[in-house]
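Reading the structure
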Amino acid sequence: MDLRLAGKRALINGASQGIGFAIAHTLATEGVEVLISARKEEALKGAADQIAAETGQTVRTVVGDIRMLDSCNAILAAVTAWGGVDILINNDGAPPLGPALEFDDLRWSRAFEQNLMSVVRMARGVVPFMEVRGGGSIVNITAGTAIQPMANFGLSVATWAGVIGLAKTLSIELASKNIRINTLCPGLIETPRLDRAGQADEAQQATSLKVQEVLKTIPLGRTGEPREVAAIAAFLASPLASYITGTTLSVDGGGNRSLL
């Protein structure tokens, strides 16, 4: 299917691996010019080279850590130098796992910066360009736990819930500018973060056991793949989804049993 995205420009954060990489690859396949960011330069370059080789698109890169104000500013400076974007994909890793009340103020502050303030800063930076370009689309990548919490995911749940609230508010405030914003909540997806849940740390091992329990309850009976999340993100970013904004969508094999 032609998503009518050819010639558009997109910024995808956290794109050196996992879901972010898959989204960048999918958009590039659709003819989108992509600017990708990640914290590690070598991994970022490798991702850019692979996307370029497999899609034929020129891929721009900017090294940045969206947990940090200076890095957010550096990424947005690259967007400015490029002349703006039509699509923003807010994506990154996630804060540490563990009992919510055992994290100190510093850990909570870092989670707030990583998950919520990064979205605020990125949106604040790109929206003026989108307005000039006639509109745009913002897609936030959170997790299924943001709407169906699990023990030991408290840092992520609390801060991503803020992202969902922010997105709903912005969908109202930005609609007159033809700028849409939607949020995806992936379930168990084969990413490095899911792999880390099985490492030696006690909280992570407990989480791994919980993940295995959750897997048994997924109607489709399997974990998802990054490309499956990427396909939905690309659709939401496209003109084909022009009447969808303010939506929070589970991509979880049917795991979320909520009616809403």
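Here we summarise the structure given alongside this text. (Residues numbered from 1 in each chain as written. Predicted model: local features only at pLDDT ≥ 70, side-chain atom pairs only at ≥ 80, totals over all residues. Heavy atoms only, no water.)

1. Observations regarding the layout of surface pockets
- Its volume calculated, the second largest pocket comes out at about 230 Å³.
- Lining of the second largest pocket is provided by 15 residues; of these, Lys8, Gly135, Gly136, Asn178 and Ala237 occupy positions nearest its centre. (1 Å grid on protein atoms, 1.4 Å probe; cavity = no way out; pocket = protein on both sides within 12 Å on 5 of 7 lines; lining within 4 Å. Points joined across faces, edges and corners; volume = space filled by probe spheres on them.)

2. Here we look at empty space enclosed by the protein
- Applying the stated criterion across every chain, the model contains one cavity of 30 Å³ or more.
- In this model, the largest cavity occupies a volume close to 100 Å³.
- Around the largest cavity sit 13 residues that line it, and Asn90, Asn91, Asp92, Asn115 and Trp160 are the ones nearest its centre.
- Going through the elements one at a time, helix 4 (105-132), strand 5 (136-141) and helix 5 (154-173) are the ones with two or more residues in the lining of the largest cavity.
- Here the element with the most residues in the lining of the largest cavity is helix 4; it accounts for four residues.
- For the lining of the largest cavity, the class distribution of residues is five nonpolar, seven polar and one charged. (Helix = DSSP H or I, 4+ residues; strand = E, 2+ residues; numbered from the N terminus. Nonpolar A, V, L, I, M, F, W, Y, C, P; charged D, E, K, R; others polar.)

3. What about helix 5?
- Helix length check: helix 5, at 20 residues, gives a terminal C-alpha distance of 29 Å against a target of 28 Å (1.5 Å per residue), a fit within 8%.
- Among all positions of helix 5, only Gly154, Leu155, Ser156, Val157, Thr159, Trp160, Val163, Ile164, Ala167, Leu170 and Ser171 are buried. (Expected span 1.5 Å × (residues − 1). Buried < 20%, exposed > 50% of the residue type's maximum accessible area, 1.4 Å probe, protein only.)

4. Description of the sheet that holds strand 3 (residues 59-63)
- Pairing is parallel across the open sheet formed by seven strands, whose spatial order is 3-2-1-4-5-6-7. Edge positions in the sheet fall to strand 3 and strand 7 (248-251), since each has one partner strand and no second. On average, adjacent strands in this sheet sit at an angle of 20 degrees to one another, irrespective of strand direction.
- Two strands pair when backbone bridges link them, and strand 6 (residues 179-186) and strand 7 are joined in this way by four bridges, in the parallel orientation. When the sheet's bridge partners are listed, proline 186 is paired in strand 7 with valine 251.
- Its contacts with the sheet place helix 3 (residues 69-82) against strand 1 (9-12), strand 2 (33-38) and strand 3, and it is angled at close to 165 degrees to strand 2. (Pairing = 2+ DSSP bridges. Axes fitted to C-alpha atoms, helices over the stretch in contact; angles between N-to-C directions. Contact = heavy atoms within 4.5 Å.)

5. A short note on the nonpolar core
- If you look at the biggest cluster of nonpolar residues, it comprises 35 residues, and the most contacted ones within it are Ile12, Ile23, Leu27, Ile36, Ile89 and Leu184.
- Among the elements that take part in this core, helix 1 (residues 18-29) stands out by supplying seven residues, more than any other.
- With sequence-adjacent residues up to four places away left out, isoleucine 23 is seen in contact with Ile12, Ile89, Ile141, Ala230 and Ala233.
- In terms of nonpolar packing, the next biggest core, distinct from the first, is built from 22 residues, Val62, Ile66, Cys72 and Ala167 among them. (Core = buried A, V, L, I, M, F, W, Y, C linked by side-chain atoms within 4.5 Å.)

6. What to know about the pairing of strand 2
- With five of six residues buried, strand 2 lies mostly within the body of the structure.
- Both strand 1 and strand 2 contribute to a ladder of four bridges, which runs parallel. Bridge pairing in strand 2 places leucine 11 opposite leucine 35.
- The handedness of the strand 2 to strand 3 crossover, carried by helix 2 (residues 41-55), is right-handed. (Right-handed = clockwise from strand over helix to strand, strands pointing away.)

7. As for unusual backbone geometry
- For arginine 4, which is not a glycine, the phi torsion comes out positive at approximately 60 degrees.
- Within the element layout of this structure, arginine 4 appears in the segment before strand 1.
- Taking the relative accessible area as the measure of exposure, arginine 4 reaches 51% and is therefore exposed.
- Phi is positive for asparagine 178, which is not a glycine, with a value near 65 degrees.
- Along the polypeptide, asparagine 178 turns up in the loop between helix 5 and strand 6.

8. Focus: helix 3
- For helix 3, spanning 14 residues, the distance from its first C-alpha to its last is 20 Å, which sits close to the expected 20 Å at 1.5 Å a residue.
- Within helix 3, burial applies to Ser71, Cys72, Ile75, Leu76, Val79 and Trp82. The arc that holds every buried residue of helix 3, seen down its axis, measures 135 degrees, which confines them to one face. Residues of helix 3 that are exposed and point over 90 degrees away from its buried face: Asp70 and Ala81.
- The secondary structure elements touched by the buried residues of helix 3 are strand 1, strand 2, strand 3 and helix 4.
- Positive phi appears at glycine 83, one or two residues downstream of helix 3, with a value of about 100 degrees. (Arc of directions from axis to C-beta.)

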